[in-house]
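Read off the chains here:
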Amino acid sequence: AFDKIKDDAKLLYQSKYKASFYPLVINFTTQQNQALCSLASASIVLNTLYKDVRAKLSFKPKHQAFAPYSYITQAELLNKKYISKPNIMTKGLTLAELAKLMRKFNVKTSIFYANSDFSYKQFMQTLKQELQDPSSYIIVNFDRSTLGQIGHGHFSPIAAYNQTADKILILDVARYKLPPFWVSSKKIYKAIQKIDPESKKPRGILLIKP
């Protein structure tokens, strides 16, 4: 286990694409239940960006447990003023629903579905470009079973890419299930090509900027 930790740390150290890593880790959290991976990912990114978007907000999200400090939690995001999906506690969100939620916090979002309009080559170009931008963050929506993991659709932030090993670092928000893990870029692209049975669209990535 210690050797694996050393190997993982080496991949991160040697990465040229890791501007997202430290800001995300500072705000990293675990999903509240097994369906809320989207909200956990959203809260991580929004808290990471909050210093940049705060001035643009006409409100200051506060969870009563942390008042008077502005800190965005999954419980806060479940407020109906942000999202009113009745079955969210069991079904979670689609990529489009997550983008809509995050735009309420005055951030810019771009969805890239893994189809003919967003090829593996374009996926890698986007990944490399955005992981060098300290104000840009990526949430990936992938199919766990494609990676040989237990489960199906899942959201988590992407934190880094190692160009030598050709591996992507996923900060898995299901920390009770899996630690952060490195995965082949081709494998994760295959996992985002899987169709989401709710949206009837391929999975993909959500790009978030202030």
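Bear in mind that the values here come from a model prediction, so they are computed numbers and not experimental data.

Looking at this structure, how should I read the pattern of salt bridges?
Side-chain pairs of opposite charge can arise where the charged atoms are in close proximity. Evaluated as defined, the whole model comprises six salt bridges. For Lys209, the salt bridge is made with Asp133, and the minimal N-O distance between the two is 3.2 Å. Of the two residues, Lys209 sits in strand β6 (residues 204-209) while Asp133 sits in the loop between α7 (120-130) and β2 (137-143), which places them 76 residues apart along the sequence. Given the relative accessible area of 21%, Asp133 is considered partly exposed.

Teacher, can you tell me more about the layout of surface pockets here?
Over the atoms rolls a probe the size of a water molecule, and its path tells where empty space is left. Taken as a whole, the largest pocket holds about 470 Å³ of empty space. Those elements giving two or more residues to the lining of the largest pocket turn out to be α3 (37-53), α5 (88-91) and β3 (153-162). Ranked by the residues each element gives to the lining of the largest pocket, the list is headed by β3, at three residues. Across the lining of the largest pocket, the residue classes break down as seven nonpolar, 11 polar and six charged. Here the second largest pocket defines a volume of roughly 200 Å³. Contributing to the lining of the second largest pocket are Lys4, Ile5, Asp8, Ala9, Leu12, Phe21, Val25, Leu169, Leu171, Pro179, Pro180 and Trp182. Ranked by residue count, the leading element in the lining of the second largest pocket is helix α1 (residues 2-13), at five residues. Looking at the lining of the second largest pocket residue by residue, the class counts come to 10 nonpolar, no polar and two charged.

What exactly am I supposed to notice about the pairing of β3 here?
Consecutive side chains along a regular strand alternate between the two faces of the sheet. Of all 10 residues that make up β3, nine are buried, and the element is covered over most of its length. Here β3 pairs with strand β4 (residues 167-170) via four bridges, running antiparallel. Pairing of Asn162 across the sheet is with Lys167, part of β4.

I would appreciate a short explanation of unusual backbone geometry in the present structure.
Glycine aside, a negative phi is what most residues show, and trans is what most peptide bonds show. The backbone of Asp166 shows a phi angle near 55°, a positive value even though the residue is not glycine. Within the secondary structure layout, Asp166 lies in the loop between β3 and β4. Under the relative-accessibility criterion, Asp166 is labelled partly exposed at 21%. With a phi angle near 65°, Lys200 is a residue other than glycine that sits in the positive phi range. Its location among the elements puts Lys200 in the loop between α8 (185-192) and β6.

Teacher, can you tell me more about the nonpolar core here?
Among soluble globular proteins, nonpolar side chains are generally buried collectively. Counting 40 residues, the largest nonpolar core has Leu98 and Met102 as the members making the most contacts within it. Secondary-structure elements contributing two or more residues to this core are α1, α2 (21-26), α3, α6 (95-103), β2, β3 and β6. If we skip the residues at most four places from it in the chain, Leu98 touches Ser38, Ala42, Leu93, Ile139, Phe155 and Leu206. Formed by 23 residues, the second largest nonpolar core is a distinct cluster that contains Leu131, Ile138, Leu147 and Ile188.

Parameters at a glance
Residues numbered from 1 in each chain as written. Predicted model: local features only at pLDDT ≥ 70, side-chain atom pairs only at ≥ 80, totals over all residues. Heavy atoms only, no water. Salt bridge = Lys/Arg side-chain N within 4 Å of Asp/Glu carboxyl O. Helix = DSSP H or I, 4+ residues; strand = E, 2+ residues; numbered from the N terminus. Buried < 20%, exposed > 50% of the residue type's maximum accessible area, 1.4 Å probe, protein only. 1 Å grid on protein atoms, 1.4 Å probe; cavity = no way out; pocket = protein on both sides within 12 Å on 5 of 7 lines; lining within 4 Å. Points joined across faces, edges and corners; volume = space filled by probe spheres on them. Nonpolar A, V, L, I, M, F, W, Y, C, P; charged D, E, K, R; others polar. Pairing = 2+ DSSP bridges. Core = buried A, V, L, I, M, F, W, Y, C linked by side-chain atoms within 4.5 Å. Contact = heavy atoms within 4.5 Å.

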